[in-house]
Amino acid sequence: MKFSQARDITALIGATAVCAALGTTASVAQPAEQRLPKAVTAWAAAWNGTTPQALGALFTTSGTYTDQGVGVTFHGRKEIAGWKAHSDDLIDNVHVTVRAAYRDSGHITVKAVYSGHLKGAPKPFAVPMATLLELDNRQRITSDQDYYALNAVLAQSGLPADWTPPTH
């Protein structure tokens, strides 16, 4: 059976939205013997680390990173590292917890929990996230698309739905 990329993404977004509405990750626990692809462990370590360039270094020079939650796309290692730096400035303890990863050749789907504490918000957040990674033949990321519900992040954080980050 063959599926179109648009239909796959639509299904993934729908599943993520349902998970966010239910407050669950809706994933089966990953068996201990199942190993995550190296690209996924490196990606999560870079997000959980404090060196923005570590995230950018995982990408090809022309790689793209799209945060579908806020609707932004970054091109190239420098912009991607800049997005990580901006995220660290905005969110205390930003963290990605990988629950499972599924690989099909150069495509990896990641089920995760995205968490942290927006600076100035009354409470921290932890929301389901799905990430689609595409890799080149050297296992560098050519495309990263993160899907999560921004409204769930804001609601859990105790912020209004129309909240925008402060500009300093």
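What counts, and at which threshold
Residues numbered from 1 in each chain as written. Predicted model: local features only at pLDDT ≥ 70, side-chain atom pairs only at ≥ 80, totals over all residues. Heavy atoms only, no water. Core = buried A, V, L, I, M, F, W, Y, C linked by side-chain atoms within 4.5 Å. Buried < 20%, exposed > 50% of the residue type's maximum accessible area, 1.4 Å probe, protein only. Helix = DSSP H or I, 4+ residues; strand = E, 2+ residues; numbered from the N terminus. Contact = heavy atoms within 4.5 Å. Pairing = 2+ DSSP bridges. Salt bridge = Lys/Arg side-chain N within 4 Å of Asp/Glu carboxyl O. Phe/Tyr/Trp six-rings, centres within 6.5 Å; stacked < 30°, edge-to-face > 60°. Axes fitted to C-alpha atoms, helices over the stretch in contact; angles between N-to-C directions.

A look at the nonpolar core
Here is step 1: Ranked by internal contacts, the top residues of the largest apolar core, which has 36 residues, are Trp43, Ile108, Val110, Tyr114 and Leu118.
Here is step 2: If you list the elements that add at least two residues to this core, you get helix H2 (38-48), strand S1 (59-67), helix H4 (76-90), strand S3 (91-104), strand S4 (107-118), strand S5 (125-135) and helix H5 (150-157).
Here is step 3: Discounting residues that sit within four places of it in the chain, Ile108 has contacts with Pro37, Ala39, Val40, Ala101, Tyr102, Arg103, Thr131, Leu132, Leu133 and Leu135.

Re the pairing of S4
Here is step 1: Here 11 bridges tie S3 to S4, and the two strands are oriented antiparallel to one another. For Asp104, the partnering residue across the bridge sits in S4 and is His107.
Here is step 2: Where S3 folds back onto S4 in an antiparallel hairpin, the turn is made up of two residues, including Ser105, whose phi is positive at roughly 60 degrees.
Here is step 3: Between S4 and the antiparallel strand that follows it, S5, lie six residues; Gly120 among them carries a positive phi value of about 90 degrees.

Some details on the pattern of salt bridges
Any two side chains of opposite charge can pair, given that their charged atoms come close.
Here is step 1: Under the criterion given, the structure shown has two salt bridges.
Here is step 2: Between Asp92 and Lys119 there is a salt bridge, with its nearest N and O atoms 3.6 Å apart. With Asp92 in strand S3 and Lys119 in the loop between S4 and S5, the pair connects residues that are 27 residues apart, well separated along the chain.

Focus on the packing of aromatic side chains
Two numbers describe a pair of aromatic rings. These are the distance of the centres and the angle of the planes.
Here is step 1: Taken as a whole and judged by the stated rule, the model has four aromatic pairs.
Here is step 2: Note on Phe74 and Trp83: the rings are 4.8 Å apart at their centroids and 25 degrees apart in plane angle, and the pair reads as stacked. For the residue pair Phe74 and Trp83, the accessibility class agrees, reading buried in each case.
Here is step 3: Summarising the aromatic geometry, the rings of Tyr114 and Tyr148 are spaced 5.0 Å apart at their centres and angled 55 degrees between planes, so their arrangement reads as tilted. Separated by 34 residues along the polypeptide, Tyr114 in strand S4 and Tyr148 in the loop between strand S6 (141-147) and H5 bring together distant segments of the chain.
Here is step 4: A relative accessible area of 10% places Tyr114 in the buried class.

Some thoughts on unusual backbone geometry
Here is step 1: If you check the backbone angles, Asn93 has positive phi at about 55 degrees while not being a glycine.
Here is step 2: Here Asn93 shows up in strand S3.
Here is step 3: Non-glycine residue Gln139 carries a positive phi angle of around 70 degrees.
Here is step 4: Note that Gln139 resides in the loop between S5 and S6.

So, the pairing of S1
Here is step 1: Two elements, S1 and S6, share five bridges in a ladder whose sense is parallel. Following the sheet pairing, Thr66 is matched in S6 by Gln145.
Here is step 2: Remark: four residues form the turn of the hairpin made by S1 and strand S2 (residues 72-75), two consecutive strands paired antiparallel; Gly71 in that turn has positive phi of roughly 75 degrees.

Thoughts on the sheet that holds S4
Here is step 1: Strand order in the open sheet formed by six strands is S2-S1-S6-S5-S4-S3, with mixed pairing between adjacent strands. Edge strands, defined here as strands with exactly one partner in the open sheet, are S2 and S3. Adjacent strand axes in the sheet meet at a mean angle of 20 degrees, parallel and antiparallel pairs treated alike.
Here is step 2: Contacting S1, S2, S3 and S4, H4 runs over the sheet at an angle of about 40 degrees to S1.
Here is step 3: Contacts from H5 reach S4 and S5, with the element oriented near 150 degrees to S5.

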